[in-house]
Amino acid sequence: MPPARPDPPGLRSNCPSCGAELLFTAKTSLYSVCRHCRSLVVRRDLDVQKIGEAGELQADASPIQIGTGGRYGGRPFGVVGRIQWRHARGVWNEWYLTLGIDQDGWLGEAQGLYVFTRRVQAEPKARKIEVGAEVSIERRRYRVKEITTVRCVGGEGELPVGFTTGYEARVVDVAGPDRSFATIEYSEGGPWVFAGESVEPGKCRGDVVAAETGRRKLFGQYRRLRAGIGQIVFEQIYQDVDH
């Protein structure tokens, strides 16, 4: 679903289903999932409207959560939302990140692998989309690594796009030199192209907001952080990359 034009950040409203408070903290956030009743709402000007319901997310061992923050390419980011997908090998998370006032990106997480991408306005060029084929995106060459059909499980938090639980899409993953990576999603109004790079675990640095206490604990001071349930080793997630 294509993003709509964003409104000024910091909009406070109430869920049209249960009345709970909704807060759109990011300028790029247009959709939100109510934490209480899981209604999916969209904001238009100063009003919000329910457009569906979010399915229950599958529990996983991800140390990332809404409120997690870190640095990427020397720039701070914050995690404000997530869409979860299911494919043949399990589930993966697409964490929605804010990078400053009007910049955003996605951190994909699946089976211990991480990729950072941003949406690009580019049409993929290829003679044929098949595994091993060459694809050109913004004059960068990639090879198709995987083609799969995915199903949306659900979402949470703030998002720039809406989703439909149970919706299926065809996704093509491509990779190039120097860890370059892109995903092509063939869905309604697509293809949608997200380009970036894979993130190597173990070079990361960040912080987390503890779900129970709300206290911010810096990675430089704590190797192990308690975030609601269990302990997580946070250094294996966020990467401070110097380009």
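Structure first, text after, so check above.
What counts and how
- Residues numbered from 1 in each chain as written.
- Predicted model: local features only at pLDDT ≥ 70, side-chain atom pairs only at ≥ 80, totals over all residues.
- Heavy atoms only, no water.
- Helix = DSSP H or I, 4+ residues; strand = E, 2+ residues; numbered from the N terminus.
- Buried < 20%, exposed > 50% of the residue type's maximum accessible area, 1.4 Å probe, protein only.
- Contact = heavy atoms within 4.5 Å.
- Areas by Shrake-Rupley, 256 points an atom, 1.4 Å probe, with all protein chains shown as cover.
- Core = buried A, V, L, I, M, F, W, Y, C linked by side-chain atoms within 4.5 Å.

Regarding the overall build of the chain
- Each helix and strand in the chain was counted, giving zero helices and 19 strands.
- Each of the 243 residues in the chain was classed as buried or not, and the buried ones make up 48%.
- Pairs at least 24 residues apart make up 48% of the contacts formed inside the chain by residues separated by at least 6 positions.
- Accessible surface, the chain: about 13,000 Å² in total, of which carbon and sulfur atoms supply 47%.

With respect to the environment of Val172
- With respect to the element layout, Val172 can be found in strand β13 (residues 168-175).
- Placed 26 residues apart in sequence, Val172 and Glu146 show a C-alpha to C-alpha distance of 5.9 Å.
- Apart from residues no more than four positions distant in its own chain, Val172 is found in contact with Ile129, Val144, Glu146, Ile147, Ala182, Thr183, Ile184 and Tyr186.

Let's talk about the nonpolar core
- Judged by nonpolar contacts, the single largest core of 22 residues is most densely connected at Tyr31, Ile83, Trp85, Trp106, Val150, Leu159 and Phe163.
- When contributions to this core are tallied by element, the ones reaching two or more residues are β3 (31-33), β4 (39-44), β7 (75-87), β8 (90-98), β9 (104-110), β12 (140-159), β13 and β15 (192-199).
- Core analysis: the second largest hydrophobic core is formed by 13 residues, Val120, Ile137, Ala182 and Ile184 among them.

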